[in-house]
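One-letter residues, chain by chain:
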Amino acid sequence: MNVKSAAAGSGKSPESGKESLPANSKVNSRRKSSPKADSPAPPAPPAPPTFDLQSSEWYLNRELTWLEFNKRVLHEAEDERNPLLARVFFLAVIGSNLDEFFMKRIGGLKQQVGASVRSPSVDGRLPQEQIDACNLVVREILDQQLLLEQKLQQLLAAEAILLCRYQQLDPEDRQLVDSYFREEIYPLLTPQGMDPAHPFPFISNLSINLLVSVRYPESDHSFLIRIKIPTSADVPRFVQVGKKHTYILLEDLVANNLELLFPGMEVESCETFRVTRNAITEKSEEQANDLLVMIESALRDRKFAEIVRLEIGRGMQDGHRGKLAAELGVEAETDLYEVDGILSLRDLMQIAAIDRPDLHFPPHYPVDNTELLGDDPNIFHTIRDQGNIFLQHPYESFSTSVERFLYEASSDPKVLAIKMTLYRTAKNSRIIQYLVDAAQNGKQVAVVVELMARFDESANIRWAGFLEEAGIHVTYGVVGLKTHSKLIFVIRKDYDGLRRYAHIGTGNYHAGTARAYVDLGLLTCDREIAADLTELFNYLTSGCTPMRHYNKLLPSPKLLKKALLSKISREIGHQQQGRGALIQFKTNALEDRDIVEALYQASQAGVRIDLLVRDSCRLRPGIPGLSATVRVVSLVGRFLEHTRVFYFKNDGQEEYFIGSADLMKRNLESRVEVCVPVESPRHQALLRELIDLQLNNTRNVWEMASDGSYRQLRSADDRENVCIHQFLIARAEKRAAAGRLALARKKSRKKITLPRKVKKKAEKEGKAGKESEVEK
């Protein structure tokens, strides 16, 4: 097409470039100037796009976005800015996360497939479609994981930390580990045959196994034997060779000492495999006469649950592969994973814990909370004087705040009662001991133990029995609801009557995770919060659900979701009135469809929304007309982000809430959760600083695109690419130093009375007419 014809096609004059009238136009200058002329109407502005918020296309898949989170963790293992053993730790976390993913998420989807569930997920996928999509992503992660595993082993070798095979050891080292095998491992092994007299043995969940084929020298008949590798807390997976940092896998050691188990026989092959079983075995609480018996039954069922994944070592014979798949009831094409590297990478935690300070993050020692510093040794006096005390873990010490709170409550003669919710706790928990001490000191102690805390059911059953034996009132919460809230409630006889004190947190009462998880907490004696907690514990311990009134707390399942939706709607109103609006949420997951839909509506109204979501997120940000004002970021680094914060600008009357609930349907509708307002201006300032720092970090923050993919933010100036957790450690240390300095100055200003001799001398000299005082 030439210029002239192109211009004609566009309705423009080729000479002037201006729009020209069509050739058949009869419009003249007089008609143009006539007000009665039928001039063409100006083009209407394009109609804004309309979005059907019920359509599945606007919602991402929960499982796939969770796998995207694991890609971000994998990147931390790849990131050369992290210390080497920290990178090994992140690799182990990936292995542990994928194990749990298959046990919980794939297991649940397979149950839906077995039950012929035909209703699609929020994002429009049927259960089998979700499984198929997840398998593709998992295999992609495993490929990257293998390459990284090989690279990290090379880097470890350069640091004299060797992960090698038995055959690579020199004769002296072989003798050393062979002796260890004979004395410590051989007695623990139980070979199990597979023939008509020996049916296929039970394979326990996540165990490492050898499939051994042996025969007599003069026979063509082969025997298949299964050997379970006896790893435990006392028998590590990686066998250390002498005092050097040289390690071999325990199954490798066993495989090279099979002549002791099968004397006089020939070993034809020795192959490794591992199974993952479904962890979703809970039964209906409403139909259970005894919740404790029901949970114990579910745990037994889990032991024998359906296998959802079979992992085999590279090079397993086709016949053995097929036999395992058939006997274990798995689909060889979809459920079988051939692993070229180390089976069960979660066991690399042992290597990550090697004592090489130069290969770890700088040591972190939590500081004391500055508001708990002072002359008064009684924590209840401090809380009463301060009103509220805001806690930030792991930067601030769990032991000198939360554990101290419970310890003093257990021994304070003025404390009359202690009530608490217990979801997870440490193996050797001081929390448990302090509760027992309190009961022995004559205090009324009531504990709501959640028996259905996934993978901690057995531990919680044992703790419940232990507490009951100590005379503590133990209940298991409300039928049909999981108690996930983190609460300690103390009733004390103060000088002016009964006063109630509380700790409300976002994290578990677990001293171990308090050093590795980022969590928030509030110590308070606020009367309205105390009244709310009285109502809540009456609900938890009685199981009765009458209409209860709450002043400040937002508990689920009755109030929290309604309150969040209402506050989102209120921000929409502020925006529509031209007052500006802002919503900021920090949560582990954003999965609830109603919350996502409300956030979409807020964005369509122009409300700015910042979402700090650690892993699963259904919302698609950055879509014009739908979510253009929404930003979704994920923070992955040294510590595990575990806080839940909800902020609303509210036309300048800002509201901050912290709590135990993620924005998931199960948390908002099927769990007892608690969110508490943070009202102190100085505490709100700390939360504001925390949110702003995390939103603007260029080292650990990943920003989400509308298709669910993520891009790591990075500044061109490497000096600005500072680890957010290391930065917050420094901030906490700075606050603590300032607090100690202020305390020292306060003490130095305290006046003391002069000794009598000095006083008399001063009076004689006429330098003091009354009692003299000097500063220290």
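This text goes with the structure placed above it.
In this report, we go over the structure that sits alongside the text. (Residues numbered from 1 in each chain as written. Predicted model: local features only at pLDDT ≥ 70, side-chain atom pairs only at ≥ 80, totals over all residues. Heavy atoms only, no water.)

**Comments concerning the side chain of Asn209**
Step number 1: Within the element layout of this structure, Asn209 appears in strand 3 (residues 208–215).
Step number 2: One polar contact links the side chain of Asn209 to the main-chain carbonyl oxygen of Ser207, over a distance of 3.0 Å.
Step number 3: Apart from residues lying up to four places away in sequence, Asn209 is in contact with Ile203, Arg226, Ile227, Lys228, Glu271, Thr272, Phe273 and Arg274. (Helix = DSSP H or I, 4+ residues; strand = E, 2+ residues; numbered from the N terminus. Polar contact = N/O pair within 3.5 Å; in protein donor to acceptor, adjacent residues only side chain to side chain. Contact = heavy atoms within 4.5 Å.)

**Comments concerning the sheet that holds strand 8 (residues 307–313)**
Step number 1: Here we have six strands laid out as an open sheet, ordered 2-4-3-7-8-9, and mixed in their pairing. Edge positions in the sheet fall to strand 2 (192–193) and strand 9 (336–339), since each of these pairs with one other strand and no more.
Step number 2: Relative to strand 4 (residues 223–228), strand 2 runs antiparallel, the two being bridged by two bridges. Looking at strand 4, one finds that Gly193 is bridged to Ile225.
Step number 3: In this fold helix 4 (residues 84–114) packs onto strand 7 (266–277), strand 8 and strand 9, with an angle of close to 140 degrees to the strand it touches most, strand 8. (Pairing = 2+ DSSP bridges. Axes fitted to C-alpha atoms, helices over the stretch in contact; angles between N-to-C directions.)

**Some details on the sheet that holds strand 6 (residues 246–249)**
Step number 1: Within the open sheet, the three strands sit side by side as 1-6-5. Their pairing is mixed. Looking at the sheet topology across the chains shown, the edges are occupied by strand 1 (162–163) and strand 5 (238–240).
Step number 2: Taken together, the two bridges between strand 1 and strand 6 define a ladder with parallel strand orientation. Looking at the pairing, Leu162 lines up with Thr246 of strand 6.

**Quick look at the pattern of salt bridges**
Step number 1: Inspection of every chain in the model, using the stated rule, returns 57 salt bridges.
Step number 2: For the salt bridge of Asp99 with Arg274, the shortest nitrogen-to-oxygen distance reads 2.7 Å. Linking Asp99 in helix 4 with Arg274 in strand 7, this pair joins segments that are 175 residues apart in sequence.
Step number 3: Take Arg274: its relative accessible area is 1%, and that puts it in the buried class.
Step number 4: In this structure, Glu159 and Arg356 form a salt bridge, with 3.0 Å as the shortest nitrogen-oxygen distance. Residue Glu159 is located in the loop between helix 5 (127–158) and strand 1, and its partner Arg356 is located in the loop between helix 11 (349–352) and helix 12 (379–386); the two are separated by 197 residues in the primary sequence.
Step number 5: Assessed through its relative accessible area of 30%, Glu159 is described here as partly exposed.
Step number 6: Judged by relative accessible area, Arg356 falls into the buried class, the value being 17%.
Step number 7: Each of Arg384, Asp412, Arg492, Asp494, Asp496 and Arg499 takes part in salt bridges that share partners, so that together they form one network. (Salt bridge = Lys/Arg side-chain N within 4 Å of Asp/Glu carboxyl O. Buried < 20%, exposed > 50% of the residue type's maximum accessible area, 1.4 Å probe, protein only.)

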